[in-house]
Amino acid sequence: MKILFSWLKDYVDIDCSPAELVDKLFGAGFEVEETIYLGQDIEKVVVGEVTSIEKYEGTHLYICHVDCGELGNDNLILTGADNVFKGAKVPAAVVGAKLPNGIEISPRKMADMVSYGMLCSGEELGVSEDWIKGAGVHGILILPDNAKVGEDIKTTIALDDYLFDVSITANRPDCQSVLGIAREVAAFLGKPLKEPDYSFTRTDVTKPEISVAVDALDLCPRYLGDYIYDVKHFESPIWMKRRLSVCGFSAIDAIVDVTNYVLLEIGQPMHAYDLDTLDGKSILVRRANDGETIVTLDEKERKLTRDNLLICDKVKGVGLAGIMGGLNSEIELKTSEILLEAAKFRRDNVRKTSRSLGLHTDAAARFEKGVDEYGVERGMARALNLVETLGIAKIGNSCFDVNAGEDKGGAKFDVTVEKINSVLGIDVPKADIVRILSSLQFGVEENGDMLSISVPRWRTDVENYQDIAEEIIREYGYEHVTPRFLDSAKVTNGGKSFLQNKETSAKEYLCLMGYYEVRTLAMYSERELDMIMLPADAPERTAVKLLNPITDNLSIMRTVMSPCMINVIADNIKNGHTSARFFELANVYLPKSLPLTEPPIERKTLCIGAYGADEDFFKLKETIEGFALENGLDFRFERGECSYLHPGICADVFCNGQKIGQLGKLRYEIINSLEIAEGKKSELNVFLAELDYSAIEGLYKREIKFAPDNGKAKVKRDISLICDKKTLCVEIEDVIKKTSALAANVRLIDSFESEKLGLGKKSLTFTITYAGAEDISDIIADKETETVANALKEKLGAIRRV
Amino acid sequence: MKDFSDIKSQVKNMLEEVKDGVGLSDFWQKYLGKTGVISGLMKEMKTVPPEEKPTFGKAVNEVRVWAQELYDEKQAQIKQHELQKRYEREAVDVTMPALKRAPANLHPISLITEQMISVFAGMGFEVLEYPEIEDDDHNFTRLNVLKDHPSRDMQDTFWLTDDLLLRTHTSPGQIRTMDAEKPPIKVLVPGKVFRSDSDATHSPMFMQMEGLVVDKGINLCDLQGMLDRFVQQMFGSGTKTRLRPSYFPFTEPSVEVDVSCFECGGKGCSLCKGTGWIEVLGGGVVNKKVLENCNIDPEIYSGLAFGIGVERIAMLKYGIPNMGMFFANDLDFLAQFK
């Protein structure tokens, strides 16, 4: 929020520098995000008096002699402007002067003469007609006759001032005004607050036809309406226009300017309705009907619903409550009678309406954060005071106050000094507590150690001892807090859980295997699901949708991780990395049903990706087998199918009979669809694995038990087989294990294909380790191997090679 | 009496000629083997007069032992020599690179998360994880972020239904913890959070870490004391904290916590924008309304809570200029965090 330094000084005698004030505001919880010096970049520009002027024949120029006081009584300055005259007071920039647009003045040749300076327009000084009269004319800014020759122009035209952009936290709506900030400044400087003048006089004139009613007190708990008449239309005084313009308002007409001025000064948005335009001279505050429309002051038609609050007359809407007035009741030059409005509208309703209509105004910004009823009253009083003192209109005796009687401001409660200090952990003396609260205009009655506190009406945020503690430490100073290390807290058992530790070591294992951890966003779009060629009826198509995504690209919660990994790989290829290994361990979100009636299941999923010339399926599989081995898990791999994986290079992974994921080679169609250089596509090998890590978590062994060797002899036998190329290794392993109860371990040690074996054949050699409750003899081992060989022949047509 | 000096000198001479295992074995056969010269001497025993037999036998045996010793010595020499040759043969260029695939590393956000967890675990904080998809009640209402309060706007929320949402902070972890456990409580809740915001310093998804302590007699001094330890372990032992007023609906008083700039030591530099201080986290004394919402009696217990943006800490510690880098996952970036 913009606060003008000189304006603040109306209410507090500020005896510190702007920089010191910024520091103190920061300490009190009001961060000044930016301080702008209004006269920034203007140097050596002074009030000059034109002592002589003559036309420079043959040119469009005038030759002026300008008295600039200490900067020279006779400066020769040429100007092209036609509005300069002898005796005129003008802004004169002498040699060495600087102007806001970066111009530096140096002697300059114009036609055959040299000009030693420049006379300035309002625009060149960065000011408008609202700032100083004459600034808007085409030509040189002609200053008032009483301007002091030689005075720094920044002083003359009020640019020697600072504008603070103060950030106000959501709990301090009372500080959304110059007066609100002034209250805080007065408190921390220990100075009295000089309130604005709220006084005014009513005439006896009434307007009995006017009626004011509120149909929706829940959305409008307070509505003040005041009748003013004999309205005169003129420009506001320059001091008011300056303050409005520096805060971003353009001056319009005195009465409208007053409403804006009060918004900035008191923080209370106001509105003026032309009484002539109100049918039945009545105001009714009600919810809009679904489909009802209003044309707002910005000349746009707004379509409304029951959720929008509308200010209406007898037949139509005349204003969008708390946001913007209606075009139909706008103040015009012919307006002679006005109904002034100061109200409190419910903040979330204003917020909703403002958002749904995309209509953000200064009034709405105030209402959204909350106005208090004290401010409503003060705002109206101040507006009427200005109406009267500026001679804008007469204040009639028809005034209205509709309210729900809910004024929540001004809590009262008792609290001990000890209780306040218990929150802070330090001993702030009672005298300081009382002093601080009083400076913030809290009522404090002392009763021994007990304080009876009356909260000011505008401090709706203060309700209990904790709030008081914050007020105290804010003013007393956080530097008084003395750090201590949980002295009174019990010792607790900290650290990570079994599964959290497992997760860390799983990630570290993958790092050791050369996989970099990545982090991708948990949202993507349907396009990612299309990319991996998921069928329309795939369960992964059932994804949670965001109601308000920031972009279509991030509109659903991911149900499968691989698209994210594919994107990471594609990005790295684009960045010129020819090979890499990555993994990510993160959630997928699986709704039980749609539309969502309960939170979706969040499943931790481990996605592994590798690409590059030296990658192959078995390298990825090695990583996964290693992962299983490291964790004492028994993974089983079977031929699998997956929409985005190579039909011949895709395995399902099982653990304890439960499918926990798959791995394989990325389909070429998908590689071809990636936005990478065409030349890189044919050579590209991408391997992906996606494992249900939540399932794996359930399978981790929680305890390790040492199993001593039974000391019985074990015997190993190799068996070489010729079998059909399509016979799977796992099928042979299964037959061996099923056939021989003594086959404790079966491991493939060699495989090859050769023409000698016959068409469509391959050779596999396994080592079988026989072990059991008794010693295994060579005879037993040979017999078992014989049985195994027979079974393999019978079940799989695999022939033993001798 | 024969002194076998001729044999001895023969032995000596031959053994001197022996250079390797083959020569050694020839020598053995010639002199020490069953058919060798020394064994042959024993056959002469029968030609020796009976009274000289013991002396002769002894003398032959002495020659055998002497020759055996010389042989053993030579054998050891040759073995040593052969090992030496093997060592030379096997020598490799140890300066050739060995690593075919370098180990990778965790993402910087994970590294910082782990580091932070380890600091707080040492203080007795239990690490808890909660759902990323929350409801209005846990994410807002019970944290004293009421329906009509503008503080709801402080965090732009991704909504899934009119009740379900992507959690905007890890603070719902406070409610879930206090629903499940009673004081003393000391928990750390790391996790992903989501806000509809995206620019150089904001990402729609980022990592937060919530801390909550609830016990008897906890106050603002504890918050600063505990955070002092935390920042000293994260940023160096000389690091100080500074509290300044702020606002969060679930803490009262609420503070922003700044650390003295670890780059310049507080003198003012580009990192701290000349102020000597860097904002790192927010926190405060747990609002009594939040305790009440979790059926914890604020007359008996009080608490402190804080929330730390992990990306922000990582950006500060590693000097990462842009939030987007964390999610771009470029290999050159990722590989730097060793």
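All residue numbers here refer to positions counted from 1 along the written sequence of the relevant chain. As they are written, the chains are lettered A onward and the ligands numbered 1 onward, keeping that order. Residues qualify for local features only when their pLDDT is at least 70, as the model is predicted, and side-chain atom pairs are given and counted only at 80 or more; totals for whole chains, interfaces and linings, by contrast, use all residues.

Chemist: Any chance you could explain the overall build of chain B here in plain terms?
Modeler: Secondary structure assignment for chain B yields 12 helices and nine strands. With respect to the principal axes defined by its C-alpha atoms, chain B has extents near 130 × 45 × 45 Å. Here exposure depends only on C-beta density: within 10 Å of a residue's C-beta, 20 or more other C-beta atoms make it buried, 12 or fewer make it exposed, and intermediate numbers make it partly exposed, the C-beta atoms being placed from the backbone. By the burial criterion, 41% of the 338 residues in chain B qualify as buried. Note on contacts: each residue gets a C-beta atom placed from the backbone, and two residues are in contact if those atoms are within 7 Å. Within chain B, contacts between residues separated by at least 24 positions form 65% of all contacts whose residues are at least 6 apart in sequence. A run of H or I in DSSP counts as a helix once it spans at least four residues, and a run of E counts as a strand once it spans at least two, with each numbered from the N terminus.

Chemist: Looking at this structure, how should I read the sheet that holds strand β5 (residues 75-79) of chain A?
Modeler: Adjacent strands of a sheet pair through backbone hydrogen bonds, lying either parallel or antiparallel. All names here are of chain A. Pairing within the open sheet is antiparallel, and its five strands lie in the order β5-β4-β3-β6-β9. The strands lining the two open edges of the sheet, one partner per strand, are β5 and β9 (117-119). Between one strand axis and the next, the sheet turns through 45° on average, direction left out of account. Pairing between strands is defined by DSSP: at least two bridges between the two strands are required. The axes are straight lines fitted to the C-alpha atoms, using for helices just the contacting stretch, and the angles between their N-to-C directions are given from 0 to 180°.

Chemist: What am I meant to see in the nonpolar core here?
Modeler: Note that soluble globular proteins tend to have their nonpolar side chains buried in a common cluster. Residue and element names in this part refer to chain A. By convention the nonpolar core is taken to be a set of buried residues drawn from Ala, Val, Leu, Ile, Met, Phe, Trp, Tyr and Cys and joined through C-beta atoms within 7 Å. In terms of nonpolar packing, the biggest core is built from 281 residues, with I255 and I338 touching the most fellow members. Element by element, the count of residues in this core is highest for helix α6 (residues 254-266), at nine residues. Contact partners of I338, with chain neighbours within four places excluded, come to I228, V231, I255, A272, Y273, D274, L275, I331 and A393. Counting 16 residues, the second largest nonpolar core, distinct from the first, contains C723, F766, I768 and V788.

Chemist: Would you take a moment to explain the interface of chain B and chain A for this structure?
Modeler: How big an interface is tends to be expressed through the accessible area that disappears when the partners come together. Each partner contributes to the interface: chain B provides 69 residues, whereas chain A provides 75 residues. Tallying contributions element by element places helix α8 (residues 220-235) of chain B first for the side of chain B that touches chain A, with eight residues. In the side of chain B that touches chain A, the residues fall into 37 nonpolar, 15 polar and 17 charged. For this classification, Asp, Glu, Lys and Arg are treated as charged, while Ala, Val, Leu, Ile, Met, Phe, Trp, Tyr, Cys and Pro are nonpolar and the rest, including Gly, are polar.

Chemist: Which parts of the structure should I look at to understand the domain arrangement of chain A?
Modeler: One can read the domain layout of chain A as domain 1 (2-38 + 162-189), domain 2 (43-156), domain 3 (211-403), domain 4 (412-479), domain 5 (498-699) and domain 6 (715-801). Source of the domain bounds: an automatic or database domain assignment. In this structure, domain 2 of chain A and domain 5 of chain A have C-alpha centres spaced 72 Å apart.

Chemist: What is the right way to look at the sheet that holds strand β19 (residues 324-325) of chain A in this model?
Modeler: In spatial order, the strands read β11-β14-β17-β18-β19 (chain A); together these five strands make up an open sheet with mixed pairing. The outermost strands of the open sheet, each flanked by one partner alone, are β11 (211-214) and β19 of chain A.

Chemist: What exactly am I supposed to notice about helix α4 (residues 178-189) of chain A here?
Modeler: Residues and elements named next belong to chain A. The span you would expect from a helix comes to 1.5 Å times its residue count less one. If you check α4, its first and last C-alpha atoms are 16 Å apart, about what 12 residues at 1.5 Å a residue would give, namely 16 Å. Buried residues dominate α4, accounting for 10 of its 12 residues. For α4, the elements touching its buried residues are β1 (2-4), α1 (5-8), β10 (162-167), α6, α11 (430-439) and α12 (465-476). G190 occupies a position one or two residues after α4 and carries a positive phi of about 65°.

Chemist: Teacher, can you tell me more about the confidence of the model for chain B here?
Modeler: For residues with low pLDDT, the predicted coordinates do not support detailed interpretation. All names here are of chain B. Known as pLDDT, the predictor's per-residue confidence is scaled from 0 to 100. Mean pLDDT over chain B: 92, with 98% of residues reaching 70 or higher. Averaged pLDDT values over the elements of chain B bottom out at 83 in helix α3 (residues 37-43) and peak at 98 in helix α7 (residues 172-180). This prediction of the complex comes with two scores: 0.88 for pTM and 0.89 for ipTM.

Chemist: Can you walk me through helix α21 (residues 778-796) of chain A in this structure?
Modeler: Residues spaced three or four apart along an α-helix point in a common direction, a consequence of the helix completing one turn every 3.6 residues. All names here are of chain A. End to end, α21 covers 26 Å across 19 residues, agreeing with the expected 27 Å (1.5 Å per residue, within 8%). Of the positions making up α21, those classed as buried are A781, E784, T785, V788 and L792. Along α21, the residues classed as buried sweep out an arc of 100° about the axis, all on the same side. Away from its buried face by more than 90 degrees, α21 exposes I779, N790 and E794. The secondary structure elements touched by the buried residues of α21 are β34 (715-724), α20 (729-739) and β36 (761-770). Immediately downstream of α21, the backbone of G797 shows phi near 65°, a positive value. Throughout, the arc means that of the directions going from the helix axis to the C-beta atoms.

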